[in-house]
Amino acid sequence: MGIWKDYLEIRKENKRKRFMIKSIKSYRKDQISDWKKSLDDDINNAKTDTTKTATENEKKELIKKKNSPNKKGYIVNLKKVNKYFVTGLNIEHVLKDIDLNIQKGKVITILGQSGSGKTTLLNIISGLLTPETGSVVVNDKELMLMDETELTQFRKDTLSFVFQSYNLIPTLTVRENIKVGENLRSKHAKEIPMKEILSTLDLTYQAKKYPYQLSGGQNQRISIGRALAKNPKILFADEPTGALDEEKGREVLSMLMKINTKFKTTIIIVTHNSNIAKLGDMVIYLKDGKIHKQTYNKTRKPVSQIRWL
Ligand SMILES: Nc1ncnc2c1ncn2[C@@H]1O[C@H](COP(=O)(O)OP(=O)(O)O)[C@@H](O)[C@H]1O
Ligand SMILES: [Mg+2]
């Protein structure tokens, strides 16, 4: 069958690539350090060159370029991503030639029917799954060149997840549960003061209470607070309202939108509810493992104004 042949060819090719990956890595390291050095030179020249004195803005641009090689401001950049799942004698081509750019600081919704590949796509962006082909660049790092240890570190430093189940620690107070997330914060990420987290999530007066003393909605907010305390680059929510009633569902979505507005966190929401898609800036429609359509909302609809079902 064609699909098996494609898959086996890819596997063979990947085996060959893996042999090369170590050398590619050290090559890239050299390349990056060369490139950083040349930018350093540019910056120094700009500082010392008396005939052509760089303006403050030019200097800023150079420094920005040095810190972030991704000029277009994309935080996620996928190219030709293909993912297959093999179970026994069955093979399924779950993601097909996915090309996707996600801009920093936006709210993205991934929309599609059950089984269309939404969770798989999310898992690839978060480095939990490796595709068979393609390039996955997140926060300026190529995940395809990372080993398991590097991927774990990448996830720890860069991402947070909001789960349907709260997974709180019952013997810790609200503040202490949120602190758990703060302890996972990368040393490069700026601290968000506890006071601000509590007030963003309307938990200021609950800080010393225990989860059992609070409602389901409040517990869900604690878990969002814990995700926020890491100050992640990207916050993922896979069907965040799937198991909630309308009131709690709206509450969770409002919190996610508030976090994006306040902290400029890129938020990726996976959903099969097309009403939710109106909240964000960009909508990606998945169908049969392909990006069927990609649309942009000029204005975001407030959570209170979307229809629920
Ligand atoms: N670990 C896995 N092993 C085998 N098949 C899988 C696995 N994960 C997902 N699939 C299959 O991939 C397809 C897409 O799944 P998924 O990404 O979970 O879809 P969605 O989140 O849109 O409902 C489904 O047909 C599913 O059965
Ligand atoms: Mg799913």
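Coordinates for the structure precede this section.
Keep in mind the model is a prediction, meaning the values are calculated, not measured.

**Looking at helix α3 (residues 118-125)**
Logical step 1: Along α3, the positions that sit buried rather than exposed are Lys-118, Thr-120, Leu-121, Ile-124 and Ile-125. Viewed end-on, α3 has its buried residues packed into an arc of 165°, placing them on one side of the element.
Logical step 2: Residues of α3 that are buried make contact with β1 (74-87), β2 (90-103), β3 (107-111), β4 (133-138), β8 (266-271) and β9 (282-287).

**What about the site of ligand 1?**
Logical step 1: Close to ligand 1 lie Phe-85, Thr-87, Glu-92, Val-94, Gly-112, Ser-114, Gly-115, Ser-116, Gly-117, Lys-118, Thr-119 and Thr-120, which account for all nearby residues.
Logical step 2: Elements with a contribution of two residues or more to the shell around ligand 1: β1, β2 and α3.
Logical step 3: By residue number, the principal contributor to the shell around ligand 1 is α3, which donates three residues.
Logical step 4: Looking at the shell around ligand 1, its residues break down into two nonpolar, eight polar and two charged.

**A look at unusual backbone geometry**
Logical step 1: In this model, Asp-97 sits at a positive phi of 45°, which is unusual for a non-glycine residue.
Logical step 2: Within the secondary structure layout, Asp-97 lies in strand β2.
Logical step 3: In this structure Asp-97 comes out as partly exposed when scored by C-beta crowding, with 14 C-beta atoms within 10 Å.
Logical step 4: The backbone of Asn-231 shows a phi angle near 50°, a positive value even though the residue is not glycine.
Logical step 5: Within the element layout of this structure, Asn-231 appears in the loop between α7 (216-229) and β7 (234-238).
Logical step 6: Residue classification places Asn-231 among the buried positions, given that 20 C-beta atoms sit within 10 Å.

**Brief notes about the packing of helix α5 (residues 174-182) against α7**
Logical step 1: Relative orientation of the contacting elements α5 and α7 amounts to 35°, with a least axis distance of 6 Å. The two elements α5 and α7 meet at a crossing, and its hand is right-handed. For the pair formed by α5 and α7, the contact residues are Val-174, Asn-177, Ile-178, Val-180, Gly-181 and Glu-182 on the first element and Ile-222, Gly-225, Arg-226, Ala-227 and Ala-229 on the second.
Logical step 2: Class assignment for the residues of the contact of α5 with α7 results in six nonpolar, three polar and two charged.

**Points about the environment of Lys-179**
Logical step 1: In this fold, Lys-179 is placed in helix α5.
Logical step 2: Here the alpha-carbon distance between Lys-179 and Arg-226, two residues 47 residues apart in the chain, equals 6.9 Å.

**Describing the packing of α7 against helix α8 (residues 246-263)**
Logical step 1: Their axes nearest at 10 Å, the elements α7 and α8 cross at an angle of 25°. Classed by the angle they form, the pair α7 and α8 counts as roughly parallel. Note that α7 runs across α8; the crossing there is right-handed. Contacts between α7 and α8 involve Gly-216, Gly-217, Gln-220, Arg-221, Ile-224 and Leu-228 from the first element and Lys-248, Glu-251, Val-252, Met-255 and Ile-259 from the second.
Logical step 2: Residue composition of the contact of α7 with α8, by class: five nonpolar, three polar and three charged.

**Notes on the pairing of β9**
Logical step 1: Where β3 and β9 come together, four bridges link them in parallel fashion. When the bridges of β9 are listed, Leu-111 appears paired with Tyr-285.
Logical step 2: Pairing between β9 and strand β10 (residues 290-296): six bridges, direction antiparallel. Across the sheet, the residue bridging to Leu-286 is Ile-291, located in β10.
Logical step 3: Here β9 folds back onto β10 in antiparallel fashion, the turn holding two residues, of which Asp-288 has a positive phi close to 50°.

The rules behind the values
- Residues numbered from 1 in each chain as written.
- Chains lettered and ligands numbered in written order.
- Predicted model: local features only at pLDDT ≥ 70, side-chain atom pairs only at ≥ 80, totals over all residues.
- Buried ≥ 20, exposed ≤ 12 C-beta atoms within 10 Å, placed from the backbone.
- Helix = DSSP H or I, 4+ residues; strand = E, 2+ residues; numbered from the N terminus.
- Arc of directions from axis to C-beta.
- Contact = placed C-beta atoms within 7 Å.
- Near = placed C-beta within 6 Å.
- Nonpolar A, V, L, I, M, F, W, Y, C, P; charged D, E, K, R; others polar.
- Axes fitted to C-alpha atoms, helices over the stretch in contact; angles between N-to-C directions.
- Left-handed = near helix turned anticlockwise from the far one by under 90°.
- Parallel < 35°, antiparallel > 145°, perpendicular 65-115°, else oblique.
- Pairing = 2+ DSSP bridges.

None of the figures reported here should be taken as evidence of function without further support.
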